[in-house]
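Geometric and topological summary
Chain by chain, the residues run as shown.
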Amino acid sequence: MIKLENVSFDYSDAEDLIPADKVINNISLEIEKGSFVAILGHNGSGKSTLAKLFNGILIPKSGRVTVDGMDTSDEDLLFDIRRRVGMVFQNPDNQIVATTVEEDVAFAPENLGVEPSEIRRRVAEALETVGMTRFRQHSPSQLSGGQKQRVAIAGIIAMKPECIIFDESTAMLDPQGRKEVLDTITKLRQDGMTVVLITHYMNEAVYADRVIVMNDGNVEMDAPPRQIFSKVERLKEIGLDVPQVTELIFKLREAGYSLPHDLVFPEEGAEAIEKLILEHKQR
Amino acid sequence: MLKDITLGQYFSGNSILHRLDPRIKIIAVLFFAVSVFIAKNVYSFAFLLLSVILLTLVSGISYKIVLKSIKPVLVIVIFTAVINLFFTKADETPLIDWLFITVYPRGIKTAVFMIVRILTLIVGTSLILTYTTSPIALTDGIERLLSPLKKIKVPVHEFAMMMTIALRFIPTLLEETDKIISAQKARGAGFDEGGLMKKAKAFLPILIPLFISAFRRADELAVAMECRCYRGDEGRTRMKELKMQGRDVTALILAVLFTACIIFFNTLPTTLSI
Amino acid sequence: MGTLRLEDVSYVYSPDTPFEKEALSQVSIEFKEKRTTGIIGHTGSGKSTVAQLLNGLLRPASGRVLLDGKDIFENPREIAKVRFRVGLVFQYPEYQLFEETVFRDIAFGPTNMGLDEEEIKRRVLSAARFVGLPEELLDKSPFELSGGQKRRVAIAGIMAMEPDVIVLDEPAAGLDPRGRDEIFSGIRKWREERGATVILISHSMEDMAMYADDIVVMKEGRVLISGTVDEVFCHAELIETSGLLIPQITSMTNKLSSKGLIDGDGIYTVDRAFDAITKALKG
């Protein structure tokens, strides 16, 4: 549903003082409808820039980005593009507009001109999905980071998009908040939402169908998580953290023990090691 | 700490006052304020006092909170009362005439009436508007009351949006200011030494980061709003429609009647008037 | 020089208002000289309150904060001097930068101390070296730097005061793995060369396992457990009740050891897990 064709981007003529080396270098890729794609990379790898190209916040310098066939460089189409591709940002404070939770969730449907009764239904439904119904009358300043981020997600769900991009939405949260957001994403996936998750935490990417690893503005890897996670050394080289259990299995394999190379979940790893030890004991 | 400051604080609830249309409440407050200012004798002031007590009961807000709202204006109240008490001159025998202090009965009367006037004004408007109307409903009410001005190209919606965002970010920015002050204190910044120039300069380490942060927030918020399809007033609907209901009409009639009552009481003969 | 001790400290936010909240109750902690102590806890556990009590930004409602055995509030007018001896780096400290150049920003603290120019220069250069800021950046505006660089400038600003104790609240929040490692190793180098005491505040057990000597786990305004890293990690279940996530590797090895498959409880690094497993496999 989102298609990038030979897309390049740099900040050279932006007035902002963002270093010009944050670029996207001739990237072509497609985000399929209904898929769950994680985009990994260290800070400055271009992963957030890539995300901002997806819904026309940034417009490519060359090449083109289309959402359901609509070119993001056509300003008249931006409204339709953005209602299809929603985005949740990093700082939960800077994306909540209204002074109460329910008013904020209603913001997007109001902009879309939805009927008041339908808005109310959508708000109730969205708050239910993110588990914030109980807080609908609260002011955002009374909420924790994870709760605010869930409100922000509800605000996007209420827009009824086809795809939601999470632009490092967990980076500023504590472990509890991070878990809340990830659980919400899992729930959205069950409802068939297309999800693009931008992060630098490897262990958030395990549930994706596909992982794109960015490095210096290029796509370094693009494969299912099991294949990505087996490349422990390369991931470390480009400044990413490998989950501990993945690293342990890698080391054990290096030492000559026979373990599968494509384990991503800690439980799988634990089981495989347990089996290995038991086998050795029997011998 | 800074965040303890409350600005026109709203206490959520479900009383009839809470449920009234904000437009009606704004209009009612205008009637109320006018009534407070035209009240001039013991009957009308007693009526004011009584209505404020009634409003408190109806609002379901604890009288303690209501009394607390008086605290910030207490100094003004006392000051006004004292001025009236000692400086009102009249052609009558003073009650007290000691050294340079003279107090006339008229002074006492005026002082008491002024106290009632200020207190009922503060408590009444708080109860009708700020305590029982969420800031967003208030902004909404103002936007819609002023919407006829849109025809002559007054950006009413934009102002209302600005108000909403300001209300939303006041607590965030206050908290941030607290944090920056603490952080600079940890670096040995002093804020209360030296002359005026030095003091002003001492605030730069707070103001600059605060402004930069506010601009960054504004920038991010603008992008987030665009991502949620915001394009101003164009084609925008509202979740909470403001529909006049029976109770709103009743409230409006009551507000008018209220002022009428004050005018009526003002005409009653009494020596206790100003 | 540089032992800090909390003695039966309690702290209450907004006392005598409807929002009154007890943040700490009767907390006693000793921070040993020349060691790195991690204070860890869920959001709202009181860990950030402890940070602000340690340098006198907050004053205990009861109890005392002792620096080298002396109550820091013995002479409240001298509290500024305490702040020069106990440096506090707030969370997201890059938001406190304000000077025209990086050099002047780092020099803000030392200047407030009333040092002469020569000494200020020495300290700024030395602090910049510890956090790995190249000298050519010192004449730039701090606002031209990347997020990670700004963070380092802010930390250098506290280091340049050359305090005996440095307290850092989530110094790596929001950084990618590489940025995090660089910040933490800069702090470690600083402690080793200056013989100072370091206090790290965090909600990441994994970071603490890597960078702290001692750990204090806080829960609901009280100390739940404290001790060396090895001691604390032996209480994995208790730590989990405080809403913290124990490292993947710990929960995995604990499972294996509870089944009697490997030796060792409270393993928290990949290397130790590797050793324990290979030992079991060989034995």
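Residues numbered from 1 in each chain as written. Chains lettered and ligands numbered in written order. Predicted model: local features only at pLDDT ≥ 70, side-chain atom pairs only at ≥ 80, totals over all residues. Heavy atoms only, no water.

**What to know about the overall build of chain B**
Per the secondary structure count, chain B includes 11 helices and 2 strands. Reading the secondary structure of chain B in the N-to-C direction produces α-α-α-α-α-β-β-α-α-α-α-α-α. Relative to a compact globule of 274 residues, whose C-alpha radius of gyration would be 19 Å, chain B shows 24 Å and is clearly more extended. Seen through its principal axes, chain B has C-alpha atoms that stretch 70 × 60 × 40 Å. Counting all 274 residues of chain B, 41% fall into the buried class. Partitioning the contacts of chain B with sequence separation of at least 6, the portion at a separation of at least 24 is 77%. A total accessible area of about 15200 Å² is found for chain B, and carbon and sulfur atoms account for 72% of it. (Helix = DSSP H or I, 4+ residues; strand = E, 2+ residues; numbered from the N terminus. Rg over C-alpha atoms; globule rule 2.2 N^0.38 Å. Buried < 20%, exposed > 50% of the residue type's maximum accessible area, 1.4 Å probe, protein only. Contact = heavy atoms within 4.5 Å. Areas by Shrake-Rupley, 256 points an atom, 1.4 Å probe, with all protein chains shown as cover.)

**What to know about the sheet that holds strand S5 (residues 70-71) of chain C**
Strand pairing within a sheet occurs via backbone hydrogen bonds; the two strands may be parallel or antiparallel. Residues and elements named next belong to chain C. In spatial order, the strands read S2-S1-S4-S5; together these 4 strands make up an open sheet with antiparallel pairing. The open sheet has two edge strands with one neighbour each: strand S2 (21-31) and S5. One ladder, built from 5 bridges, connects strand S1 (residues 4-13) with strand S4 (residues 62-67); its direction is antiparallel. Residue pairing in the sheet places Leu 4 in a bridge with Leu 67 of S4. Most of the contacts of helix H1 (residues 47-54) go to S1, to which it runs at about 115 degrees, and overall it touches S1, S2 and S4. (Pairing = 2+ DSSP bridges. Axes fitted to C-alpha atoms, helices over the stretch in contact; angles between N-to-C directions.)

**Side note on the interface of chain B and chain C**
Listed by partner, the interface residues are 20 residues for chain B and 23 residues for chain C. Interface area for chain B against chain C, summed over the two sides, is near 1700 Å², with a carbon-plus-sulfur share of 63%. A per-residue breakdown of the area chain B buries against chain C is headed by Lys185(B), Ala186(B) and Arg187(B), which together make up 37% of the total. Here chain B is connected to chain C by 1 salt bridge. Between Arg187(B) and Asp105(C) there is a salt bridge, with its nearest N and O atoms 3.1 Å apart. Between the two partners, chain B and chain C, sit 3 residue pairs in polar contact (both at pLDDT 80 or more). At the level of elements, helix H8 (156-186) and helix H10 (204-227) of chain B are the ones that each hand at least two residues to the side of chain B that touches chain C. Among the elements that make up the side of chain B that touches chain C, the one with the highest residue count is H8(B) (7 residues). (Buried area = accessible area lost by both parts, 1.4 Å probe. Salt bridge = Lys/Arg side-chain N within 4 Å of Asp/Glu carboxyl O. Polar contact = N/O pair within 3.5 Å; in protein donor to acceptor, adjacent residues only side chain to side chain.)

**Side note on the packing of aromatic side chains**
Tallied over the full model, the rule gives 14 aromatic pairs over all chains. Geometrically, the ring pair formed by Tyr11(C) and Tyr13(C) is edge-to-face, given 5.0 Å between the ring centres and 80 degrees between the ring planes. With a relative accessible area of 12%, Tyr11(C) lands in the buried category. Given a relative accessible area of 22%, Tyr13(C) falls into the partly exposed group. Three or more aromatic residues joined by ring pairs make a cluster, and in this case those are Phe32(B), Phe47(B), Phe258(B), Phe264(B) and Phe265(B). In this arrangement the basic side chain of Arg178(A) is found over the ring face of Tyr201(A), its NZ or CZ atom lying 4.1 Å from the centre. Across from the ring centre of Phe130(C), 5.0 Å away, lies the NZ or CZ of Arg129(C), which sits over that ring. (Phe/Tyr/Trp six-rings, centres within 6.5 Å; stacked < 30°, edge-to-face > 60°. Lys NZ or Arg CZ within 6 Å of the ring centre and 35° of its normal.)

**As for the confidence of the model for chain B**
All names here are of chain B. A residue-level look at chain B finds 96% of positions with pLDDT of 70 or above and a mean pLDDT of 86. For chain B, per-element mean pLDDT is lowest for helix H9 (residues 196-202), which scores 76, and highest for H10, which scores 94. Counting interchain partners and residues more than four positions distant, the pLDDT-below-50 stretch residues 1-7 has 11 contacts. (pLDDT = per-residue confidence, 0-100.)

**Observations concerning the sheet that holds strand S9 (residues 214-219) of chain C**
Residues and elements named next belong to chain C. Strand order in the open sheet formed by 6 strands is S6-S7-S8-S3-S9-S10, with mixed pairing between adjacent strands. Since the sheet does not close on itself, it has two edges, and those belong to strand S6 (86-89) and strand S10 (222-228), each with one partner. Shown here is a sheet whose adjacent strand axes are inclined to one another by a mean of 15 degrees, direction ignored. Taken together, the 5 bridges between strand S7 (residues 165-169) and strand S8 (residues 197-202) define a ladder with parallel strand orientation. Looking across to S8, one finds that Asp 169 is bridged to Ile 201. Packing of helix H6 (residues 147-159) onto the sheet brings it into contact with S6 and S7, and relative to S6 it is tilted by some 170 degrees.

**Side note on the nonpolar core**
With 56 residues, the main nonpolar core has Val105(A), Ile153(A), Ile164(A), Phe166(A), Val213(A), Ile228(A) and Leu235(A) as its most contacted residues. Ranked by residue count, the leading element in this core is helix H5 (residues 145-157) of chain A, at 6 residues. With near-sequence residues (within four places) excluded, Val105(A) lies in contact with Val123(A), Ala126(A), Leu127(A), Val151(A), Ala154(A), Gly155(A), Ala158(A) and Arg228(B). Judged by nonpolar contacts, the second largest core, of 52 residues, contains Leu138(C), Val153(C), Ile166(C) and Tyr211(C). (Core = buried A, V, L, I, M, F, W, Y, C linked by side-chain atoms within 4.5 Å.)

**Some points on the domain arrangement of chain B**
All names here are of chain B. Taken domain by domain, chain B consists of domain 1 (8-146 + 241-267) and domain 2 (155-227). The distance between the C-alpha centroids of domain 1 and domain 2 comes to 34 Å. Listed as interface residues are 5 residues of domain 1 and, on the opposing side, 6 residues of domain 2. Here domain 1 meets domain 2 over a buried area of about 510 Å², counting both sides, of which 78% is carbon and sulfur. The interface formed by domain 1 and domain 2 contains 0 salt bridges. (Domains from an automatic or database assignment.)

**Points about the interface of chain B and chain A**
Each partner contributes to the interface: chain B provides 30 residues, whereas chain A provides 37 residues. Summing both sides of the interface, chain B and chain A together bury roughly 3100 Å²; the carbon and sulfur share of this comes to 55%. Contact with chain A buries surface across chain B, with Arg168(B), Arg228(B) and Met239(B) losing the most and accounting together for 30% of the total. Linking chain B with chain A are 7 salt bridges, by the criterion used here. A salt bridge links Arg228(B) to Asp104(A); the shortest N-O distance between them is 3.3 Å. Our count for the contact surface shared by chain B and chain A stands at 17 residue pairs in polar contact (both at pLDDT 80 or more). Of all the secondary-structure elements, those providing two or more residues to the side of chain B that touches chain A are H8 and H10 of chain B. Broken down by element, the side of chain B that touches chain A gets its largest block of residues, 9 residues, from H10(B).

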